[in-house]
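Topology and contacts: notes
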Amino acid sequence: MSKIEPIHVIGGGLAGSEATWQIARAGVPVILHEMRPVRGTDAHKTQGLAELVCSNSFRSDDAETNAVGLLHQEMRTLGSLIMAKGDANQVPAGGALAVDRDGFSDAVTAALEAHPLVTIERGEVTGIPPEEWSSVIIATGPLTSPALAEAILKLTGETSLAFFDAIAPIVYRESINMDIAWFQSRYDKVGPGGTGKDYINCPMTKEQYDAFVDALLSGDKTEFKEWEADTPYFDGCLPIEVMAERGRETLRHGPMKPVGLTDPRNPDVKPYAIVQLRQDNALGTLFNMVGFQTKLKYGAQTGIFRMIPGLENAEFARLGGIHRNTYLNSPKLLDPTLRLKAMPRLRFAGQITGCEGYVESAAVGLMTGRFAAAERLGHPIQPLPHTTALGALINHITGGHIETIDEGPRSFQPMNVNFGLFPPLDRAPKAEDGKRLRGSAKAVAKKKMLTDRARADLAAWMAAANMPAAAE
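Here is what the cut-offs are and how they apply
Residues numbered from 1 in each chain as written. Predicted model: local features only at pLDDT ≥ 70, side-chain atom pairs only at ≥ 80, totals over all residues. Heavy atoms only, no water. Buried < 20%, exposed > 50% of the residue type's maximum accessible area, 1.4 Å probe, protein only. Helix = DSSP H or I, 4+ residues; strand = E, 2+ residues; numbered from the N terminus. Pairing = 2+ DSSP bridges. Right-handed = clockwise from strand over helix to strand, strands pointing away. Contact = heavy atoms within 4.5 Å. Axes fitted to C-alpha atoms, helices over the stretch in contact; angles between N-to-C directions. Polar contact = N/O pair within 3.5 Å; in protein donor to acceptor, adjacent residues only side chain to side chain. Phe/Tyr/Trp six-rings, centres within 6.5 Å; stacked < 30°, edge-to-face > 60°. Parallel < 35°, antiparallel > 145°, perpendicular 65-115°, else oblique. Left-handed = near helix turned anticlockwise from the far one by under 90°. Core = buried A, V, L, I, M, F, W, Y, C linked by side-chain atoms within 4.5 Å.

Every second residue of strand β1 (residues 7-10) is oriented toward a common face, with I7 and V9 on one face and H8 and I10 on the other, all of them buried. Examined bridge by bridge, β1 and strand β2 (residues 30-34) share four bridges and lie parallel to one another. Each bridged residue has a counterpart across the sheet, and for H8 the counterpart in β2 is I31. Taken together, β1, helix α1 (residues 14-25) and β2 form a β-α-β motif whose crossover is right-handed. The pairing of β1 with strand β7 (residues 136-138) spans three bridges and is parallel. Residue pairing across strands places V9 opposite I137, the latter belonging to β7.

In structure tokens:
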């Protein structure tokens, strides 16, 4: 019997299962607590570990030009259980990795049940884990039990953990047409950390505004699920189309008000309305559309938002939405190894940290498990380079996001991995003859340079830690 004190993992979803596997592979005993079937949820149908409750897709498996495909590759290199069982239970899906959901869950469950260092305990953890649990990973996801969520709230001092999460779309900075848009803060105000030119402004004429409002009102919208219906809006954020329904001029007196702003190219003409975008990450590669939380379906969003002058060719790192969610204000509450600053024996993994998506949740679980195991063994590992997909994702969660520069709702929102989270390249991509690339050729070359850099930096990080790559 091992004399090493066990690590406790709460939650048997993708993040908890991956964290458990990584801990056990490191030679540390681990107790995985899963409340199903003792207590069910509104979304789960089985008692299997790593049950997929929505889609069966892990999205693109292209590791050359897609950030999530690169994340797949990095996880495979680091011995991910989720990726191994996903690959073993793959179903046809073109360039995506999709899985047989029952076969996948059964395979993950069987692997963890068979591991000699893993103990699975079925039952709900209803509060902050007892002090004798000296190392704990909480990976309870968006369906965290009410009792545990309330205990976490009290510990963190936050006012809300479960709420309607009003998400505004996020645009890649390089896709904004700055021949139309301009930088300026309202009334040139210099806020904390600001310069007086902190927003990108997109002007509208009355005709453009009226057409935009018509499109908002007629666009296809999603409906709330039954179990979301009694959850309040977070911070009173209303969907932009709901504001439009309250009167055609409502948006002009709300998030699209044109006051305190002057178009430097046409200073004598006052725009009828203005859409503002605010920097969303410390790198300055992502900008969010201020006040544009929405229930519009994704297909409707892209067409309607590209009606905005300056965003006609906008590329979106994330589209808007409103849904019930449960996650921490992680940049404020967690350290770079996902420990809770207020109680470092607790770590968090998965969607509760503010990542979005199956693969991202498992990826954060992978690193949280490695951090916890290394700490238990007295061999702390260095954080991943921010140039890797894993490192960029965790950096965004724990510190790469910037807080809003003015009064407003909490600005940290769940995020899928995307190239906007990566540090910029040191040089622009060029053709083989040395000439500048343009358009789609430039975009593809840039993505390949980012993935090449990520692979090299991950290999160097692993070599420095004497960490062998997982067998293919």
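Further notes follow.
Attention now goes to the sheet that holds strand β13 (residues 286-289). Hydrogen bonds between backbone atoms are what pair the strands of a sheet, whose relative direction is either parallel or antiparallel. Read across the sheet, six strands follow the order β10-β11-β12-β13-β9-β14 without closing on themselves; strand pairing throughout is antiparallel. Two strands bound the open sheet, and with one partner strand each, they are β10 (182-183) and β14 (316-318). This element, helix α6 (residues 206-218), spans β11 (199-204) and β12 (273-279) of the sheet and lies at about 95° to β11.

Here we come to helix α2 (residues 67-77). Counting buried residues along α2, nine of its eleven residues qualify, which places the element largely inside the surrounding structure. A67, V68, G69, L70, L71, H72, E74, M75 and T77 are the residues of α2 that are buried. Against β3 (57-60), α3 (81-88), β5 (96-99), α10 (358-377), α11 (389-400) and α12 (439-464) lie the buried residues of α2. Capping of α2 at its N-terminal end is provided by N66; its side-chain oxygen lies 2.9 Å from the backbone amide nitrogen of V68. One or two residues past the end of α2 sits G79, with phi positive at roughly 75°.

The next point concerns the packing of aromatic side chains. Applying the stated criterion across every chain, the model contains seven aromatic pairs. Relative to F104, the ring of F58 has its centre 5.5 Å away and its plane inclined at 85°; by these criteria the two rings are edge-to-face. With a gap of 46 residues between them, F58 in strand β3 and F104 in helix α4 (residues 101-114) connect regions that are remote in the sequence. Its relative accessible area of 1% is what places F58 among the buried residues. We classify F104 as buried; its relative accessible area is 0%. Every member of this aromatic cluster is reached through a ring pair, and the members are F58, F104 and Y358.

The next subject is the sheet that holds β5. The three strands are arranged β3-β5-β4 in an open sheet whose pairing can be described as antiparallel. Looking at the sheet topology across the chains shown, the edges are occupied by β3 and β4 (90-91). As judged from the two bridges shared by β4 and β5, these two strands associate in the antiparallel manner. Following the sheet pairing, Q90 is matched in β5 by V99.

Residue placement: H115 occurs in the loop between α4 and β6 (118-122). Residues H115 and W21, spaced 94 residues apart in sequence, show a C-alpha to C-alpha distance of 8.6 Å. Excluding residues that lie within four positions of it along the chain, H115 makes contacts with W21, A24 and R25.

Further remarks concern the environment of R339. Tracing the backbone shows R339 in strand β16 (residues 339-340). The class for R339 is partly exposed, based on a relative accessible area of 26%. Once you skip the residues sitting within four places of it in the chain, R339 turns out to touch L333, L334, P344, L346, R347 and E375.

It is the contact of α1 with α10, at a shortest axis distance of 7 Å, that shows an interaxial angle of 30°. The angle between α1 and α10 places the two elements in the roughly parallel class. Considering the relative orientation of α1 and α10, their crossing is right-handed. Taking contact as the criterion, the partners of L14, A15, E18, A19, Q22, I23 and R25 in α1 are, on α10, Y358, S361, A362, G365, L366, G369, R370 and A373.

Let us look at the side chain of S330. Within the fold, S330 resides in helix α9 (residues 330-333). There is a polar contact of 2.5 Å between the side chain of S330 and the backbone oxygen of T353. When sequence neighbours within four positions are dropped, the list of residues in contact with S330 reads I352, T353, G354, I397, T398 and F412.

Take the nonpolar core next. In this structure, F58, L71, F348, M367, F422 and W461 are the most contacted members of the largest nonpolar core, which totals 83 residues. In terms of residue count, the dominant contributor to this core is α10 (eleven residues). Not counting residues within four places of it along the chain, the set of residues in contact with F422 comprises A67, L70, L283, H386, T387, T388, A389, A392, V417, L450 and R453. Among the nonpolar cores identified, the runner-up in size contains 32 residues, and I200, M256, A273 and V275 belong to it.

So, on to the pairing of β2. Consecutive side chains along a regular strand alternate between the two faces of the sheet. The buried count for β2 comes to five of five residues, which makes it a mostly enclosed element. Covered by surrounding structure in β2 are V30, L32 and E34 together with I31 and H33, the residues of both alternating faces. As paired strands, β2 and β6 are joined by five bridges and run parallel to one another. Paired with I31 across the two strands is T119, which belongs to β6.

None of this, on its own, says anything about what the molecule does.
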